[in-house]
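Structure at a glance
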Amino acid sequence: MITEGRADEARSFAEKYGRQIALSDVAEDFKETMSEFTELERSIRASDMSPDRKREELDKIRRAKIMFSSSFNAASRQQ
């Protein structure tokens with residue numbers, strides 16, 4: 001819109017949809033981080049660690065995922 005000379009329209013659009021645009025970027029980061037956690041879980045499951053050690057590591061990742069999700073939810077409500 002700006003490159004077409006419609007600055008007022010672009011400003012109005014940004015005011016109306018700015019929150020959704022910002023959350024979209026954050027959501028993509030969230031998705032990427034959660035995928036990394038999942039990949040780490042897969043590598044632990046496939047490793048030759050003892051079952052007890054695997055459970056410990058998987059529990060740590062699960063707690064990290066929960067904390068990360070909670071932080072994301074709290075931040076998205078504030079915007």
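In what follows, the structure referred to is the one given above.
In this text, all values refer to a predicted model and were calculated from it rather than measured experimentally.

Some details on the overall build of the protein
- Within the protein one finds 2 helices and 0 strands.
- A compact globule built from 79 residues should have a C-alpha radius of gyration of about 12 Å, whereas the protein, at 20 Å, is more than 25% larger.
- Principal-axis analysis of the C-alpha atoms places the extent of the protein at approximately 65 × 25 × 5 Å.
- Taking all 79 residues of the protein together, the buried fraction comes to 16%.
- Here the analysis covers contacts within the protein between residues at least 6 apart in sequence; of these, 55% occur between residues at least 24 apart.
- For the protein, the exposed area adds up to about 6,300 Å²; of that, 52% sits on carbon and sulfur atoms.

A short note on the nonpolar core
- Within the largest apolar cluster, 5 residues are counted, these being Met-34, Phe-37, Ile-44, Leu-58 and Ile-61.
- Mapped by element, the contributors of at least two residues to this core are helix H1 (7–46) and helix H2 (51–78).
- With 3 residues, the top contributor of residues to this core is H1.
- Apart from the residues within four sequence positions on either side, Ile-44 is in contact with Met-49, Lys-54, Glu-57, Leu-58 and Ile-61.

Notes on H1
- Here H1 spans 54 Å end to end across 40 residues, near enough to the 58 Å set by a 1.5 Å rise per residue.
- At Tyr-17, H1 shows its largest bend, some 65°.
- For H1, the complete set of buried residues consists of Ala-10, Leu-23, Met-34, Phe-37, Glu-41 and Ile-44.

With respect to the pattern of salt bridges
- Under the criterion given, the structure shown has 6 salt bridges.
- Among the salt bridges present, the one from Glu-41 reaches Lys-65, with a minimum N-O distance of 3.2 Å. A residue pair is termed long-range when its members are at least 10 positions apart, and Glu-41 in helix H1 and Lys-65 in helix H2 qualify at 24 residues.
- Residue classification places Glu-41 among the buried positions, given a relative accessible area of 11%.
- The network of salt bridges with common partners includes Arg-53, Glu-57 and Lys-60.

Rules used in this analysis
Residues numbered from 1 in each chain as written. Predicted model: local features only at pLDDT ≥ 70, side-chain atom pairs only at ≥ 80, totals over all residues. Heavy atoms only, no water. Helix = DSSP H or I, 4+ residues; strand = E, 2+ residues; numbered from the N terminus. Rg over C-alpha atoms; globule rule 2.2 N^0.38 Å. Buried < 20%, exposed > 50% of the residue type's maximum accessible area, 1.4 Å probe, protein only. Contact = heavy atoms within 4.5 Å. Areas by Shrake-Rupley, 256 points an atom, 1.4 Å probe, with all protein chains shown as cover. Core = buried A, V, L, I, M, F, W, Y, C linked by side-chain atoms within 4.5 Å. Expected span 1.5 Å × (residues − 1). Bend = angle between axes of the 7 residues up to and from the residue. Salt bridge = Lys/Arg side-chain N within 4 Å of Asp/Glu carboxyl O.

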